[in-house]
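# Tertiary structure, described
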Amino acid sequence: IFKDKNFTVLDGTYRLDADGLDGQEAKSEGWFDLAKSVRSQQHVVDFILKHGGTCHLTANQDTDYIIGGASKDPRVEAFRKSIEGTSAEMLQGKTKKGQHLRKIHQIGGVVKWTFLYATVQRLHSGSDTSKIVPRRHNFIVMSKFADENLLQDE
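Residues numbered from 1 in each chain as written. Predicted model: local features only at pLDDT ≥ 70, side-chain atom pairs only at ≥ 80, totals over all residues. Heavy atoms only, no water.

### Focus: the pairing of strand E3 (residues 65-68)
Applied cut-off: Working definition: with a 1.4 Å probe on protein chains only, accessible area under 20% of the residue-type maximum means buried, over 50% means exposed, and in between means partly exposed. Under the DSSP-based scheme used, a helix requires at least four consecutive residues in state H or I and a strand at least two consecutive residues in state E, with every element numbered from the N terminus. Two strands are counted as paired when DSSP detects at least two bridges linking them.
Residues Tyr-65 and Ile-67 line one face of E3 and the alternating positions Ile-66 and Gly-68 line the opposite face, and both faces are buried. As defined by bridge partners, strand E1 (residues 6-9) adjoins E3 across three bridges and the pair is classed as parallel. Bridge pairing in E3 places Phe-7 opposite Tyr-65. Across three bridges, E3 lies against strand E4 (residues 109-112) in parallel orientation. Each residue of the ladder has a partner; that of Gly-68, found in E4, is Lys-112.

If you want it as structure tokens, here you go:
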């Protein structure tokens with residue numbers, strides 16, 4: 001499912017709240033049992049590896065998705081500050097920092113870990129997952145550029 005996809009999984013809180021929106025979605029779509037035992041970053045990394053993906057310690061030019069646990073996690077907050085503080089001029093820069101910021105904006109931001117579990121469930125239920133694309137509600141932190149593109153597509 002995740003073959004040829006590269007992920008960076010951030011440190012943080014990885015728990016499914018059975019009564020929250022993600023928990024309700026998991027129950028209605030049939031992936032609650034798959035995700036309810038997730039308790040750590042390592043659980044998510046193992047899940048990605050089990051389904052053919054590759055994990056990197058930090059985001060780099062090969063990264064396709066940055067995965068986070070919760071919006072209050074320090075690493076997620078750091079990405080939020082970085083994304084919100086990026087100007088158009090910074091994205092045009094030729095420096096390493098400019099290239100890194102450009103890549104984060106191309107990725108779109110930080111996607112919530114539950115997106116991975118929902119995607120695997122969709123495949124098992126016969127849905128087309130040939131194009132694994134998070135929707136707006138799957139992001140914990142989203143760049144304004146990605147938000148504009150997703151608004152056009154939805």
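What follows picks up the thread again.
### What about the packing of aromatic side chains?
For clarity, the threshold we go by: Each Phe, Tyr or Trp ring, with Trp reduced to its six-membered ring, pairs with another whose centre is within 6.5 Å; inter-plane angles below 30 degrees give stacked pairs, above 60 give edge-to-face pairs, and intermediate values give tilted ones.
The final tally for this structure, using the stated rule, is six aromatic pairs. Ring plane angle 40 degrees and centroid distance 6.4 Å describe the contact between Tyr-65 and Phe-115, whose orientation is recorded as tilted. Of this pair, Tyr-65 sits in strand E3 while Phe-115 sits in helix H7 (residues 114-124); the two residues are 50 residues apart in sequence, bridging distant segments of the chain. Here Tyr-65 and Phe-115 have matching classes, each one buried.

### Some points on the nonpolar core
For clarity, the cut-off: To define a nonpolar core, start from buried Ala, Val, Leu, Ile, Met, Phe, Trp, Tyr and Cys residues and group those joined through side-chain atoms within 4.5 Å. In this description, contact between two residues means that some pair of their heavy atoms is separated by no more than 4.5 Å.
Ranked by size, the top nonpolar core spans 36 residues in total, and within it Val-44, Ile-66, Ile-67, Val-110, Trp-113, Leu-116 and Tyr-117 carry the most contacts. Here this core gets five residues from one element, more than from any other, and that element is H7. In contact with Leu-116, not counting residues within four places along its chain, are Phe-2, Phe-7, Val-44, Phe-47, Ile-48 and Ile-67.

### Side note on the side chain of Lys-103
Inclusion rule: His is not counted, nor are the chain ends; Lys and Arg add positive charge and Asp and Glu add negative charge. Here, a salt bridge means any side-chain nitrogen of Lys or Arg that lies within 4 Å of a carboxyl oxygen of Asp or Glu.
Within the secondary structure layout, Lys-103 lies in helix H6 (residues 96-107). Salt bridges are absent for the buried Lys-103, whose nearest opposite-charge side chain, Asp-64, sits at 5.1 Å. Not counting residues up to four positions away in its chain, the partners in contact with Lys-103 are Asn-60, Gln-61 and Thr-63.

### Considering H6
Convention followed: Take the residue count of a helix, subtract one, and multiply by 1.5 Å to get its expected span.
The end-to-end C-alpha separation of H6 is 17 Å, in line with the 16 Å expected for 12 residues at 1.5 Å each. For H6, the full list of buried residues reads Gly-98, Leu-101, Lys-103, Ile-104, His-105 and Ile-107. Just past H6, the residue Gly-108 takes up positive phi, approximately 110 degrees.

### Focus on the sheet that holds E3
Rules: Simply put, an axis is a line fit to the C-alpha atoms, just over the touching stretch for a helix, and the angle between two N-to-C directions goes from 0 to 180 degrees.
Judged by pairing direction, the sheet is mixed, and its five strands sit side by side in the order E2-E1-E3-E4-E5 without closing on themselves. Unpaired on one side and paired on the other, strand E2 (54-56) and strand E5 (139-142) mark the two borders of the sheet. Across the sheet, the mean angle from the axis of one strand to that of its neighbour is 35 degrees, orientation sign disregarded. The strands touched by helix H4 (residues 74-84) within the sheet are E3, E4 and E5, with E5 carrying the most contacts at an inclination of about 30 degrees. Where H6 meets the sheet, it contacts E3, E4 and E5, and its direction lies at approximately 75 degrees from that of E3.

### Some remarks on the pattern of salt bridges
The tally for this structure, following the rule as stated, stands at three salt bridges. Where Arg-80 meets Glu-77, a salt bridge forms, and the shortest distance between an N and an O atom there is 3.6 Å. Taken as a pair, Arg-80 and Glu-77 lie in helix H4 at a separation of three residues, close to a single helical turn.

### A word on the environment of His-105
Tracing the backbone shows His-105 in helix H6. Residues His-105 and Gly-68, spaced 37 residues apart in sequence, show a C-alpha to C-alpha distance of 16 Å. When sequence neighbours within four positions are dropped, the list of residues in contact with His-105 reads Ile-83, Thr-86, Leu-91, Ser-143 and Phe-145.

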